[in-house]
Amino acid sequence: MTAKQIIDNTLKTLPSDLDPQKLPRHVAVIMDGNGRWAQRRGLPRIMGHPRGVDALRELVRCCDDWGIQALTVYAFSTENWNRPQQEVNVIMTLIEQFLRWELPELMQRQIHLELVGKLQELPESLKKQMHRSVGSTTENQGMRFTVATNYGGRQEILQVCQALAAEVKQGTLNPEDIDQALFERHLCTVGIGDPDLLIRTSGEMRISNFLLWQLAYSEIYITDTLWPDFDRAQMHRALWEFQKRDRRFGKVKS
Ligand code: FPP
C-alpha cells in the first residue's frame, strides 16, 4: 500500500476517540463564512463560494465514511435573494453543477438526496437538474443528504399550517387531532427526525431561520472556522464536543 492509500484509509475511519454508538443520527449545518474567507485573502466575496462547495463535498464524504445517517445543509435561504444578483447567480450555478457533477459519487455511495425549500421559485435549469439528481437517488438506501435551497423555517411552519387548515376545511381533520406527530409528518425532515447536532461555522450565534421547529432540542456547536476551512479535523472536533454533552430534553438527570 502507498503512503497516500494508508492516509486515505485512516481518514475514512471514525477517529478512535469517538464512540460509534453515540454519534448524532442527524447533523444539520449552516455553512457560513464563504464571503469573509474570500475577503480575508483580498478576493471578491463570490470567490469563497466555490471553496465552500469543496468543503461541502468533503463533508458529505466524511459523514458517509463515519456512519452519520442524515446530513442536512443550508445552501440558500429565502432571505439570500437580497444579495447582489451576480452572487445569487454564482450560488445557483454552483448548486446546479454540484448536483450534476456529484451524482456519480452519490450513486456509488448509495446516498439518498433530497431537496427542500420553495423549489418552484428557482431557475428552470436548476429545477431540471434537481429533478434528475433526486430521481436518480430515490432508491438509494444509504445516508440521507438533504440540501435546503430557498428554504425558510418560518415559511415551512406556515406551509404546514396551511396544509392542515385545508384538511380541516375539507372536513377530513378535526382541529383537536392536530398534535406534534401529525405536524411533523408534514415537515421536510419527515422520515429522518430532528437534527441531534447543529453546526454553524464562522462564529455567528444565530439559527437564521433554519429548521426552526426541528432544532428545538438539538445540540448547537458553533466554531469560528469559516466554512471553506471546515474539514474532517473540524468535524471530528464537533462530534467530540457533541459526545461530551449531556442531552436531557428538558428532563433532570436520572
Ligand atoms: C454563507 O456564506 C454561504 C452561503 C449563503 C451559501 C452557501 C453555499 C455554498 C456552500 C455553495 C453552494 C451550495 C451547494 C449545495 C453546492 P456567506 O457568503 O454568507 O459568508 P459571509 O457571512 O462571510 O458573508
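It should be noted that the structure appears before, not after, this text.
This one's a predicted model, so the numbers in the text were calculated from it and none came from an experiment. (Residues numbered from 1 in each chain as written. Predicted model: local features only at pLDDT ≥ 70, side-chain atom pairs only at ≥ 80, totals over all residues. Heavy atoms only, no water.)

**Brief notes about the environment of Glu58**
Okay, so step 1: Inspection of the secondary structure assignment puts Glu58 in helix H3 (residues 48-66).
Okay, so step 2: For Glu58, a relative accessible area of 28% gives the class partly exposed.
Okay, so step 3: Put simply, Glu58 and Arg232 are 174 residues apart on the chain and 7.8 Å apart in space, counted from C-alpha to C-alpha. (Helix = DSSP H or I, 4+ residues; strand = E, 2+ residues; numbered from the N terminus. Buried < 20%, exposed > 50% of the residue type's maximum accessible area, 1.4 Å probe, protein only.)

**Thoughts on empty space enclosed by the protein**
Okay, so step 1: Applying the stated criterion across every chain, the model contains two cavities of 30 Å³ or more.
Okay, so step 2: Approximately 60 Å³ is the volume found for the largest cavity.
Okay, so step 3: Taken together, Arg57, Val60, Arg61, Phe98, Glu102, Glu105, Leu106, Arg109 and Ile111 make up the full set of residues lining the largest cavity.
Okay, so step 4: Ranked by the residues each element gives to the lining of the largest cavity, the list is headed by H3, at three residues.
Okay, so step 5: Residue composition of the lining of the largest cavity, grouped by class: four nonpolar, no polar and five charged.
Okay, so step 6: Of the volumes computed, that of the second largest cavity is approximately 30 Å³.
Okay, so step 7: Around the second largest cavity sit Ala55, Glu58, Leu59, Cys62, Phe230, Asp231, Arg232 and Met235, which together line it.
Okay, so step 8: If you list the elements that add at least two residues to the lining of the second largest cavity, you get H3 and helix H9 (232-244).
Okay, so step 9: Among the elements that make up the lining of the second largest cavity, the one with the highest residue count is H3 (four residues).
Okay, so step 10: A breakdown of the residues in the lining of the second largest cavity according to their chemical character gives five nonpolar, no polar and three charged. (1 Å grid on protein atoms, 1.4 Å probe; cavity = no way out; pocket = protein on both sides within 12 Å on 5 of 7 lines; lining within 4 Å. Points joined across faces, edges and corners; volume = space filled by probe spheres on them. Nonpolar A, V, L, I, M, F, W, Y, C, P; charged D, E, K, R; others polar.)

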